[in-house]
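Results of the structural survey
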Amino acid sequence: MNGSEDQSEFDSAPGDAQAAGVEDIDGIGIYLAGLGLATLLTIVSFFISSTTLVWGPSIPVALAVLAIAQMGVHLVFFLHITAGPDNVNNVMALAFGLLIVFLVIAGSLWIMSHMNHNMMPMDQIMQMQR
Amino acid sequence: MSAAQAPAGSVDPYKIGLGRPRERSHAMEHAGGGLASKRIITGYGFWIFLLSDIIMFSGFFATYAVLVDNTAGGPAGRQLFDLRNVAIETACLLMSSFTCGIASIGAQAHRGSWFYGAMSATFVLGLIFLGLELHEFAGMVAEGAGPGRSAFLSAFFTLVGCHGLHVSVGLLWLLTMMAQVFAKGYRPDILRRMLCFSLFWHALDIIWVSLFSVVYLMGVAR
């Protein structure tokens, strides 16, 4: 492959199949494993959302856990993000991105739920406007 | 400088990065690494862009999560969502992510049949996904549950529509990549673009995972 020897020595680009030590058609195995795992997690997600076998309030938590697991599967098997030393830059960027995502979503939900909680009921506001 | 330290015939006696790759890498290790190859830099830069795109989506997700109960007396997700439709969409996008992986392997290995076949499959699957999503949107608008009906529906159309817009752009990019490989061959710069495209497409699938979990499945289970 063109210049692959100096790629494997240093960093690897995210999504580069060569990073996982495969250069040819053999790399399809990784994608097949990812497809299998992702399909399994998707089926479990759809099954849990419509079943009565599970305690109701636990369903959203289970769905969130399954979704995070599936995103992990996609990152490892499709985007080839690994824990190897050639992937440190990619993982650090991902960690920072996830921090911001967590702050935006959790912060918004936290603040807005408090504001909803402290807001006067709508009928009382209507009465004051009269 | 003795002859033992600089053997005769060596092009790089001080190991500063000249000569054969083996010696160069040795020098790089001790110097803390040199400049990475263009492919790595391009991929890393595109990875940063994708993360910023995901952060933008997190804003839409936060908006949706805050507004999901504000239906203004209109229909909630439970009445609107058809999980069978969503399951087909999910299967299409997951399969297309897989075929996109095959296409990038085919491009790396310079195998035309793999590349064009897998890219065509990816395109068809993406088109089916987009068609199903537009069909769902049209049905909702026809029922009077358009984006103007409630804050919940505004957030829903913004979030899901933004993902659909990304898929549309991805499909255009896919056609462009096929045309570029056809016209210019497997040149290193074309392969770098192909790397970016496959990253983009896989990232779209990751966003869809959180979308179908948070919006559709939790919306129906709610």
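Bear in mind that the values here come from a model prediction, so they are computed numbers and not experimental data.

Turning our eyes to something else, we now look at the overall build of chain B. A tally of regular secondary structure across chain B gives seven helices and zero strands. Listed by position from the N terminus, the elements making up chain B come as α-α-α-α-α-α-α. The buried share of chain B, reckoned over its 222 residues, is 39%. Across chain B, contacts joining residues at least 24 apart in sequence account for 74% of those joining residues at least 6 apart.

When helices and strands are counted, chain A shows five helices and zero strands. Counting over 130 residues, chain A shows a buried share of 24%.

All names here are of chain B. Structurally, phenylalanine 212 can be placed in helix H7 (residues 188–221). Of the residues examined, phenylalanine 212 has 26 C-beta atoms within 10 Å and is grouped as buried. Put simply, phenylalanine 212 and serine 52 are 160 residues apart on the chain and 21 Å apart in space, counted from C-alpha to C-alpha. Residues in contact with phenylalanine 212, not counting those within four places in the same chain, are Val86, Thr90 and Leu217.

Taken together, the contacts link 52 residues of chain A with 46 residues of chain B. Looking at the side of chain A that touches chain B, the elements that each hand over two or more residues are helix H1 (4–8), helix H2 (28–49), helix H3 (59–78) and helix H4 (88–118) of chain A. Here the side of chain A that touches chain B takes twelve residues from H4(A), the largest share from any one element. Among the residues making up the side of chain A that touches chain B, the classes are represented as 28 nonpolar, 17 polar and seven charged.

Residue and element names in this part refer to chain A. Summarising the element assignment, aspartate 86 is placed in the loop between H3 and H4. Among the residues examined, aspartate 86 registers 18 C-beta atoms within 10 Å and is labelled partly exposed. For the pair aspartate 86 and glycine 97, spaced eleven residues apart in sequence, the C-alpha to C-alpha distance is 19 Å.

Residues and elements named next belong to chain B. With 75 residues, the main nonpolar core has Leu199 and Val215 as its most contacted residues. If you tally residues by element for this core, the top one is H7, at 20 residues. Non-local contacts of valine 215, meaning those with residues more than four positions away in its chain, are made with Tyr64, Phe156, Leu159 and Val160.

Attention shifts here to H2(A). All names here are of chain A. Over its 22 residues, H2 runs 32 Å from end to end, which matches the ideal 32 Å to within 8%, given 1.5 Å per residue. Those residues of H2 not exposed but buried are Tyr31, Gly34, Ala38, Leu41, Thr42, Ser45, Phe46 and Ser49. End-on, the buried residues of H2 take up no more than an arc of 135 degrees, which puts them together on one face. Exposed side of H2, more than 90 degrees from the buried face: Gly29 and Phe47 are the residues found there.

Moving on: the confidence of the model for chain A. All names here are of chain A. When the pLDDT values of chain A are averaged, the result is 83; 85% of them are 70 or greater. For chain A, the element scoring lowest by mean pLDDT is H1, at 44; H3 scores highest, at 94. Counting contacts from residues 1–8, a segment whose pLDDT is below 50, to residues more than four positions away or on other chains yields 16 contacts.

Here the focus is the confidence of the model for chain B. Residues and elements named next belong to chain B. With 85% of its residues at a pLDDT of at least 70, chain B reaches an overall mean of 87. This model gives residues 23–31 a pLDDT under 50, and the stretch forms 13 contacts once residues within four places in sequence are excluded. Interface confidence for the predicted complex, given as ipTM, is 0.81, next to a pTM of 0.83.

Further remarks concern the environment of Tyr64(B). All names here are of chain B. Counting through the fold element by element, tyrosine 64 comes out in helix H2 (residues 38–67). Considered as a pair, tyrosine 64 and valine 181 are 117 residues apart in the sequence and their alpha carbons are 40 Å apart. Excluding anything up to four places from it in sequence, tyrosine 64 contacts Ala155, Phe156, Leu159 and Val215.

Before going further, it helps to examine unusual backbone geometry. Positive phi is not limited to glycine here, since His80(A) has a value of about 55 degrees. With respect to the helices and strands, His80(A) occurs in the loop between H3 and H4. Even without glycine at this site, His110(B) takes up a positive phi of about 60 degrees. Its place among the elements puts His110(B) in the loop between helix H4 (83–108) and helix H5 (112–142).

Rules used throughout
- Residues numbered from 1 in each chain as written.
- Chains lettered and ligands numbered in written order.
- Predicted model: local features only at pLDDT ≥ 70, side-chain atom pairs only at ≥ 80, totals over all residues.
- Helix = DSSP H or I, 4+ residues; strand = E, 2+ residues; numbered from the N terminus.
- Buried ≥ 20, exposed ≤ 12 C-beta atoms within 10 Å, placed from the backbone.
- Contact = placed C-beta atoms within 7 Å.
- Nonpolar A, V, L, I, M, F, W, Y, C, P; charged D, E, K, R; others polar.
- Core = buried A, V, L, I, M, F, W, Y, C linked by C-beta atoms within 7 Å.
- Expected span 1.5 Å × (residues − 1).
- Arc of directions from axis to C-beta.
- pLDDT = per-residue confidence, 0-100.

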